[in-house]
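# Observations on the model geometry
Spelled out, the chains give:
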Amino acid sequence: PEAKSLKLYQLPEQVGERVRLQGWVHRLRQQKTNFFVILRDGSGPLAQLVLSGDCIRTLDALDLTVESTIEVTGLVTKVKEGQSAPQGLEIVVDWWKIIGRAPAGEDAFEGRIHPDMDFSMRADLRHLELRGETATAVMRFRALLLRQFREWFYQNRTTEVTPPCMVQTSVEGGSTLFSFDYYGSPAYLTQSSQLYLETVLPSLGDVYCIQESFRAEKSLTRRHLSEYTHLEAELVFIKFKDLLDHLENLICDVVETLMADPIASEIVKQLNPEFVAPTRPFMRLDYRDAIKYLNEHGITKEDGTDHVVGDDIAEAAERKMTDQINRPIMLINFPKSLKSFYMKAIPGDEEFTESVDVLVPGVGEVVGGSMRISDFDELMAGYKREGIPHEPYYWFTDQRKYGTTEHGGYGLGVERLLAWFLGRYTVRECSLVYAKTRRVLR
Ligand code: 4AD
Ligand code: MG
């Protein structure tokens, strides 16, 4: 008889119907009279299949393996009270076949992917690890998060753009640029799309992008990738305080929406049961007060000495402080000497900038942003201070020539936000590519 081809998420409406399913053998329990297969088809929930009678007296049944692909037809039934199965359902199989057999024995899937794999093994086997429940949940959550960001910006009349990845200017300094040959001229993989976002402010108003950024990071840590997904936005006709409020709203609203979404909140409950949704307002901590905080709490620099104003706050110190405070912090007003050429100085406090890093427990910095220099001469002085030739930036500088105005923006590391939200130890777990590391993670 005919059977409708369905995805597993559609099964709850099909009780009493005969259906056709295709998927991977996620788990397998072989008993004398019954085989129980947990099927996975990537559509979300799993489903339990029961094979018995003639169905298990076949040659295929003898070497059915985990991660083989199969096609089945069968009757959708509710499981008995007190029995547990995904979605409370069981498919009583009446016909089945193997589409693609996975190896048994030495090369069997279960033997290759196991919880105590070290980092370098993980990297090599990332393509298989991605089939696991944790990695699947992280990737599904990541998709929901990106969708909510887009929805939030849509609601806030912010236009999405897709800036180029191949560029000829640096945004965050030359030391982390990946360079390549562009038809005979030097070019780079983008570190940040900020400059391009600023360029379209006069035509599109508030804009954002979700784009890969690339950093040739010299040190390998839990939170640095060579390629990461960068959510960046640029907002026009705003003051510094508006930028801070915007960031608080973005993070709180998106977290709130996801915690109200049944699939997303279930994933958070599974992977990070201790997660506490942030509340407004975030703590706002002046850089100079942060230096005081570090010294008062015995958080020293890597060489064991105290921090002084002007010092960069290294990753370890930043994380220690954030973990102690244990809620999101907006660290504001960094010294000019630590920041990029484009950052606006605080009026009347010219050695410091209208800048902000958002820090979250377990990860540290997830957002870096600032108000931008809108004055032509101040920008020229910024290039000079940083020793950057201004010529290649003429198109960026032109924004100050043709109708300048106050504006600001930020970049948010998507994998870092996910690591915080889902309680992951490293950002690597939040990316498809689990890049091979030769050095040990700090
Ligand atoms: O602080 P960053 O370097 O700031 C900028 O690139 C600005 N131009 C952004 C802007 O204002 N439009 O990077 C922004 C964020 C960081 O806070 C961090 O979350 C993330 O990008 N990030 C990384 N994430 C993973 N791996 C790396 N190597 C990262 N480098 C930065
Ligand atoms: Mg930064």
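Thresholds applied
- Residues numbered from 1 in each chain as written.
- Chains lettered and ligands numbered in written order.
- Predicted model: local features only at pLDDT ≥ 70, side-chain atom pairs only at ≥ 80, totals over all residues.
- Helix = DSSP H or I, 4+ residues; strand = E, 2+ residues; numbered from the N terminus.
- Buried ≥ 20, exposed ≤ 12 C-beta atoms within 10 Å, placed from the backbone.
- Domains from an automatic or database assignment.
- Axes fitted to C-alpha atoms, helices over the stretch in contact; angles between N-to-C directions.
- Parallel < 35°, antiparallel > 145°, perpendicular 65-115°, else oblique.
- Left-handed = near helix turned anticlockwise from the far one by under 90°.
- Contact = placed C-beta atoms within 7 Å.
- Nonpolar A, V, L, I, M, F, W, Y, C, P; charged D, E, K, R; others polar.
- Core = buried A, V, L, I, M, F, W, Y, C linked by C-beta atoms within 7 Å.

### Overview of the overall build of the protein chain
Helix and strand counts for the protein chain stand at 14 helices and 19 strands. Along the first, second and third principal axes, the C-alpha set of the protein chain runs to 85 × 50 × 45 Å. Counting only residues that meet the buried cut, the protein chain has 35% of its 442 residues in that class.

### Some remarks on the domain arrangement of the protein chain
Its domain assignment divides the protein chain into domain 1 (4–109) and domain 2 (127–430). Centre-to-centre separation of domain 1 and domain 2, based on C-alpha positions: 45 Å.

### Considering the packing of helix H5 (residues 133–155) against helix H9 (residues 262–271)
It is at 10 Å that the axes of H5 and H9 come closest, and there the two elements cross at 140°. In this view, H5 runs oblique relative to H9, as classed from their interaxial angle. Judged by the sense of rotation from one axis to the other, the crossing of H5 with H9 is left-handed. Of the residues in H9, those touching H5 at Thr134, Ala137, Arg140, Phe141 and Leu144 are Ile263, Ala264, Ile267, Gln270 and Leu271. A per-class count over the contact of H5 with H9 returns seven nonpolar, two polar and one charged.

### A look at the nonpolar core
One finds Leu247, Met330, Leu331, Val356, Val358, Val366 and Leu418 to be the most contacted residues of the largest nonpolar core, which totals 63 residues. Examining the composition of this core, we find that eight residues originate from one element, helix H8 (residues 240–259), more than from any other. Contact partners of valine 358, with chain neighbours within four places excluded, come to Leu247, Pro328, Met330, Val366 and Val367. Counting residues in each nonpolar core, the second largest holds 22 residues, with Val37, Ala47, Leu64 and Val66 among its members.

### With respect to the environment of phenylalanine 275
For phenylalanine 275, the position within the fold is in the loop between H9 and strand S13 (283–286). Taking the number of C-beta atoms within 10 Å as the measure of exposure, phenylalanine 275 has 16 and is therefore partly exposed. For the pair phenylalanine 275 and alanine 137, spaced 138 residues apart in sequence, the C-alpha separation works out to 16 Å. Phenylalanine 275 has contacts with Val268, Phe421 and Gly423, leaving out every residue within four places of it along the chain.

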